[in-house]
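A closer look at the structure
Take a look at the letters that make up each chain.
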Amino acid sequence: MSTLADRISDSELEVMKVLWQAKDALPVTDIRETLQRTRGWEATTVKTLVNRLVSKGVIAQEKRNVFYYSPLISEREYNSWATHNLISRLYNGSARELVAALVHSEGLTQDDIEELRQMFKVEE
């Protein structure tokens with residue numbers, strides 16, 4: 001999975017998000033309409049991104065009256081990979097360093113920090 005997800009660009013990820021939200025396979029016209037509305041992308045851009053994702057093996061293409069597309073990796077799988085990749089690249093594989101960076105950043109509220117404490121509390 002890491003080799004496939006590793007190659008998903010930010011733009012391709014937008015296509016994946018549309019497919020994950022859909023729950024069912026979509027024709028390219030539905031993907032295009034959503035991304036034109038939310039991103040202002042042209043039809044050729046969307047078609048190129050969809051074709052790249054098919055080539056990379058992260059979405060399936062099924063011929064019906066037109067081609068329908070569905071994800072081959074779940075959003076959860078992708079997010080897990082992306083989190084692991086982030087920790088590996090930025091924090092030398094240390095999740096503890098990531099959490100420390102979050103706690104010391106201004107991006108977390110006291111409520112967020114308390115929620116993290118509760119998540120990491122180990123029952124004795």
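Here the structure is shown first, and the text comes after it.
So, here's what we can say about the structure.

Digging into the overall build of the chain
- Helix and strand counts for the chain stand at seven helices and three strands.
- Secondary structure of the chain in N-to-C order comes out as α-α-β-α-α-β-β-α-α-α.
- Its C-alpha atoms put the chain at 60 × 30 × 25 Å along the principal axes.
- Every one of the 124 residues in the chain was classed for burial, and the buried ones make up 27%.
- When contacts within the chain are restricted to residue pairs at least 6 apart in sequence, those whose partners lie at least 24 apart make up 51%.

Overview of the packing of helix 2 (residues 10-22) against helix 3 (residues 28-39)
- The contact between helix 2 and helix 3 brings their axes to 10 Å, and the two run at 120°. In terms of axis orientation, helix 2 runs oblique to helix 3. In the crossing of helix 2 with helix 3, the sense of the turn from one axis to the other is right-handed. Within the contact between the two elements, helix 2 uses E14, V15, V18 and L19 and helix 3 uses I31, T34, L35 and R39.

Some thoughts on the nonpolar core
- In terms of nonpolar packing, the biggest core is built from 21 residues, with V15, M16 and I31 touching the most fellow members.
- Within the residue set of this core, elements represented by two or more residues are helix 2, helix 3, helix 4 (43-56) and helix 5 (75-91).
- It is helix 2 that contributes the most residues to this core, six residues altogether.

Quick word on the sheet that holds strand 1 (residues 26-27)
- Spatial strand order, 1-3-2: three strands in an open sheet with antiparallel pairing. Strands at the two margins of the open sheet, each flanked by one partner only, are strand 1 and strand 2 (59-63).
- Pairing of strand 2 with strand 3 (residues 67-71), which is carried by five bridges, proceeds in the antiparallel orientation. Paired with Q61 across the two strands is Y69, which belongs to strand 3.

Side note on the pattern of salt bridges
- For the structure shown, the criterion picks out five salt bridges.
- The shortest N-O distance in the salt bridge between E14 and R39 comes to 2.7 Å. Placement of the pair is E14 in helix 2 and R39 in helix 3, with a sequence separation of 25 residues.
- Via salt bridges that share partners, E14, K17 and R39 belong to a single interconnected network.

Some details on the packing of helix 2 against helix 4
- It is the contact of helix 2 with helix 4, at a shortest axis distance of 10 Å, that shows an interaxial angle of 90°. When the axis of helix 2 is compared with that of helix 4, the two are roughly perpendicular. For the pair helix 2 and helix 4, contact is made by S11, E12, V15 and M16 and by L49, V50, R52, L53 and K56, respectively.
- Taken together, the residues that form the contact of helix 2 with helix 4 break down as five nonpolar, one polar and three charged.

Quick word on the pairing of strand 3
- Across two bridges, strand 1 lies against strand 3 in antiparallel orientation. For L26, the partnering residue across the bridge sits in strand 3 and is Y69.

Here is what the cut-offs are and how they apply
Residues numbered from 1 in each chain as written. Predicted model: local features only at pLDDT ≥ 70, side-chain atom pairs only at ≥ 80, totals over all residues. Heavy atoms only, no water. Helix = DSSP H or I, 4+ residues; strand = E, 2+ residues; numbered from the N terminus. Buried < 20%, exposed > 50% of the residue type's maximum accessible area, 1.4 Å probe, protein only. Contact = heavy atoms within 4.5 Å. Axes fitted to C-alpha atoms, helices over the stretch in contact; angles between N-to-C directions. Parallel < 35°, antiparallel > 145°, perpendicular 65-115°, else oblique. Left-handed = near helix turned anticlockwise from the far one by under 90°. Core = buried A, V, L, I, M, F, W, Y, C linked by side-chain atoms within 4.5 Å. Pairing = 2+ DSSP bridges. Salt bridge = Lys/Arg side-chain N within 4 Å of Asp/Glu carboxyl O. Nonpolar A, V, L, I, M, F, W, Y, C, P; charged D, E, K, R; others polar.

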